[in-house]
Amino acid sequence: MNSMRVRFAPSPTGYLHIGSARTVLFNWLLARKHGGRFILRIEDTDRSRHVEDSVQKILDDLRWLGMQWDEGPEVGGNCGPYFQSQRLDIYNRYVDQLLHSGHAYYAFETPEELEAMRARAKAEGRTAAYIRPDPLPTIEQGQAARAAGMAVVVRLATPALDITVEDDILGAVTLAAGQVEDFVIQKSDGWPTYHFACVVDDELMNITHVLRGQEHLMNTPKHMALQRALGFSTPRYAHLPVIFNMDGSKMSKRDKEKALKKGEPPPEIDVHDFRVAGYLPEAVLNFIALLGWSPGDDREFFDLGEMTQAFSIGRVGKTNAKFDREKLLSFNTTWATRVASDRLLAAFKDYLAVNVANQSTIAPIMLAQPDSILREVLRICAGFRTLADIVTKAGFIFLPDESIEYAPEAVKKVLAKNDNAGFKMLEDLLPKLEALPEWSAAPIDALLATVCEEKQLRMGAVAQPLRVAVSGTTISPAIGETLALLGREPSVIRIRQSLRLR
RNA sequence: GCCCCCUUCGUCUAGUGGCCCAGGACGCUGGAUUCUCAGUCCAGAAACAGGGGUUCGACUCCCCUAGGGGGUACCA
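Here goes a summary of the coordinates provided. Per chain, residues are indexed from 1 in the order of the written sequence. Going through the entries in the order they are written, you letter the chains from A and number the ligands from 1. A pLDDT threshold of at least 70 governs which residues receive local features in this predicted model, and a stricter bar of 80 or more applies before side-chain atom pairs are shown or counted, although totals over entire chains, interfaces and linings include all residues. To obtain the side-chain values, all non-hydrogen atoms of the structure were used and water was disregarded.

1. Some points on helix α21 (residues 488-499)
To keep things clear, this is the line we draw: Going along the chain from the N terminus, every DSSP run of H or I of four or more residues is numbered as a helix, and every run of E of two or more is numbered as a strand. The span expected for a helix works out to 1.5 Å for each residue beyond the first. Type-normalised accessible area, obtained with a 1.4 Å probe on protein chains alone, sets the label of each residue: buried when under 20%, exposed when over 50%, and partly exposed for intermediate values. The contact definition used throughout considers only heavy atoms, calling two residues in contact when any of these lie within 4.5 Å.
Along its twelve residues, α21 runs 17 Å from first to last C-alpha, staying within 8% of the 16 Å computed at 1.5 Å per residue. All of the buried residues in α21 are Ser491, Val492, Arg494, Ile495, Gln497, Ser498 and Leu499. At its buried positions, α21 is contacted by α17 (408-435), α19 (459-471) and α20 (479-486).

Listed below in structure tokens is the structure:
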């Protein structure tokens, strides 16, 4: 009857990182797989690191991915509040409990003293730096010091016992007695540390399985020590391998600034970046699922339902992975052909919408088009890798005719070369196009094929000049489809204006 | 420094002592298709970190070395 409850507990310090997204996904899958509950908790105990609006951004990214939570911000639940900043009184009660049961004590060391302890520990080759005072300060002394304005913290009196974490991914990991020092559970500003708040909340929110990044592995013995001191139960733990850049460095927001400084396009790091760059959540999810997990057979493509079916914690690996953007791109390309057309349309509109806020000129114009037109664009651009490719390939169709910019190299190579062969072709084509009875892809293509045949030319000799004339570049969807969607009037206008370049 | 985790093609991985002179996918190389870009199709190259054991037999088990990563905060 004790059903599975998992949680994702981000700090509101920015957008949702792609690595965190995988942690979310695995938690979500675990909950769905076992009919459990997925809880979202905001760990905002460090006021100084709090970033404005980041909670909203994280919620938004989670929803974009389809990682809806069963309890947490905006949906409520029986174990709230789900913001740690609203749970201070709860933490304080448990700190008091520990203080009175003798499991914790007040401590007064200054940063300098602590630094000296660390230096000495290092010199002596010890892991734990903090040396427990003897005798311990009494509760009265601690409270008096605090009342006097001193910087006072509360530390856990860590028992001298080996602690073994039974990790569902890594197996048994034992930390010897003495390796865990008397760490701080309550900061001098009165707020609990991460360790303390986390343990209290996991207990009070009845969390049964903690699935988190491997950077937390060494925290787990601390959490277990805390659970024992508080009389709490210990959830099952599993620590996920870490995800790195291809060069082995950590994927961090700073990568974006670095690339910008070098004049390179910034890499996608946060979930939101991938959304803005034109990736489908289906592809992102599918790709990150395979970073550390595999179904055990040769299947590679999974939607959330299929993933839930196939997922198990036992098939999660132990080794760190590198984030191969080429493979993600390939997944996105494939997913764009796998999703239903309504879904693709919705995804494309979402892409345009987030890019409207991103100072794109074409995005708002395209977003204003009726669905029927956007569907047509999607159809003639089939084969695109990201949604952004659609805009670069077909966006010119929606620009005002007069704002088409003609790339000099394209004009030179396709229109002017060989004694203005391209220009001559356009002059020849213009009246024929104007006279065409029906303006749609098939008759346009038929006309062009006829011209090719008459002049004994390859299709490129007729399609390329037209392409440059209407788009200003050498890249567009198939020429018949392009002219058809553009419309006869604009096509003619653009051909005429390109002729003036001669 | 100390503690902990990890180690199969460039990358993500399959492989739980013989089915493996190691399979799939991305990427790469070559070819095909085409009006550009993209896509699609076919073919190919490409790995068990090194050294010791254990065993009739090791990618698979043990040890050591090397390499990579995480932690070592009044951050989470």
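There's plenty left to go through after this.
2. Description of the protein's contact with RNA strand B
What counts here: By convention in this text, a residue qualifies as near a molecule or strand provided that one of its non-hydrogen atoms is within 4 Å of it. Polar contact criterion, stated in full: a pair of N or O atoms within 3.5 Å, where within protein one must be able to donate a hydrogen and the other to accept it, and residues adjacent in sequence count only if both atoms are side-chain atoms. Classes in brief: Ala, Val, Leu, Ile, Met, Phe, Trp, Tyr, Cys and Pro nonpolar; Asp, Glu, Lys and Arg charged; the others, Gly included, polar.
Close contacts around RNA strand B come from 68 residues, with Ser11, Thr127, Glu300, Gly383 and Arg467 the closest. Backbone sugar and phosphate groups make up 74% of those atoms of RNA strand B lying within 4 Å of the protein. Measuring from a sugar or linking oxygen of RNA strand B, one finds a side-chain N or O atom of threonine 127 at 2.2 Å. The separation between a phosphate oxygen of RNA strand B and a polar main-chain atom of tyrosine 194 is 3.0 Å. Among the elements of the structure, α4 (111-123), β4 (153-156), β6 (171-175), α6 (194-204), β11 (321-322), α12 (325-338) and α19 are those that each provide at least two residues to the surface near RNA strand B. The element best represented in the surface near RNA strand B is α19, accounting for five residues. Classifying every residue of the surface near RNA strand B gives 22 nonpolar, 24 polar and 22 charged.

3. So, the sheet that holds β4
Each strand in a sheet pairs with another by means of backbone hydrogen bonds, the pair being arranged parallel or else antiparallel. As a reminder of what qualifies: DSSP calls a pair of strands paired once it identifies at least 2 bridges connecting them. The angle between two axes is taken between their N-to-C directions and runs from 0 to 180 degrees, where each axis is a line fitted to C-alpha atoms and a helix contributes only its stretch in contact.
Spatially, β3-β4-β7 is the arrangement adopted by the three strands of the open sheet, whose pairing is antiparallel. Every interior strand has two partners, whereas the edge strands, β3 (104-107) and β7 (184-186), have only one. For this sheet, the mean inter-axis angle between neighbouring strands, taken without regard to orientation, is 45°. Packed on one face of the sheet, helix α3 (residues 88-101) meets β3, β4 and β7 and runs near 100° to β3.

4. Things to note about the pattern of salt bridges
We apply this condition: A pair is scored as a salt bridge if a Lys or Arg side-chain nitrogen falls within 4 Å of a carboxyl oxygen belonging to Asp or Glu.
Here the structure, examined in full by the defined rule, presents 34 salt bridges. The partner of arginine 37 in a salt bridge is glutamate 71, with the nearest N and O atoms 3.2 Å apart. Within this pair, whereas arginine 37 is found in strand β2 (residues 37-40), its partner glutamate 71 is found in the loop between α2 (54-65) and α3, the two being separated by 34 residues in sequence. For glutamate 71, a relative accessible area of 3% gives the class buried. Here lysine 455 and aspartate 428 are joined by a salt bridge, their closest N and O atoms 3.2 Å apart. One end of the pair, lysine 455, is in helix α18 (residues 441-455); the other, aspartate 428, is in helix α17, with 27 residues separating them in the sequence. Note on aspartate 428: relative accessible area 25%, which makes it partly exposed. One network of salt bridges, with partners in common, ties together Arg7, Arg41, Glu43, Arg87, Asp201 and Asp202.

5. With respect to the nonpolar core
Here is the rule we go by: The criterion is simple. A nonpolar core is a set of buried Ala, Val, Leu, Ile, Met, Phe, Trp, Tyr and Cys residues joined through side-chain atoms within 4.5 Å.
Counting residues in each nonpolar core, the largest one holds 113 residues, and the members touching the most others are Phe323, Phe348 and Leu466. The biggest single contributor to this core is α17, with ten residues. For leucine 466, the residues in contact, after removing those within four places along its chain, are Leu426, Leu429, Leu433, Leu448, Ile479, Leu483 and Ile495. Cys79, Ile90, Ile185 and Leu230 belong to the second largest nonpolar core, which has 36 residues in total.

6. Some remarks on helix α7 (residues 220-230)
For an α-helix, 3.6 residues make a turn, and residues three or four places apart therefore share a direction. In terms of burial, α7 is a largely internal element, nine of the eleven residues being buried. Listing the buried residues of α7 in full gives Thr220, Pro221, His223, Met224, Ala225, Leu226, Gln227, Ala229 and Leu230. Count one or two residues on from α7 and you reach glycine 231, which has phi positive near 75°.

7. Comments concerning the packing of aromatic side chains
Aromatic ring pairs: the centre-centre distance and the angle between the two ring planes describe each pair. Test applied: Aromatic pairing here means that ring centres of Phe, Tyr or Trp (its six-membered ring) are within 6.5 Å. Orientation follows from the plane angle: under 30 degrees is stacked, over 60 is edge-to-face, and everything else is tilted. Placement of a charge over a ring requires the Lys NZ or Arg CZ to be within 6 Å of the ring centre, with the centre-to-atom vector within 35 degrees of the ring normal.
On inspection of all chains with the given rule, the structure shows ten aromatic pairs. Here the aromatic cluster, defined as three or more aromatic residues joined through ring pairs, consists of Phe274, Tyr279, Phe287, Phe301, Phe323 and Phe331. Residue placement shows arginine 155 over the ring face of tyrosine 130; its charged tip is 3.7 Å from the ring centre. Arginine 338 extends its terminal NZ or CZ atom over the ring of tryptophan 335, reaching a point 4.8 Å from the ring centre.

8. Some words on unusual backbone geometry
Of the consecutive residues glycine 80 and proline 81, the connecting peptide bond is found in the cis state with omega at -5°. Here proline 81 lies in the loop between α2 and α3. Between aspartate 134 and proline 135 the backbone carries a cis peptide bond, its omega angle lying at 0°. In this fold, proline 135 is placed in the loop between α4 and α5 (139-147). In this structure, glutamine 456 is a non-glycine residue whose phi angle is positive, near 60°.

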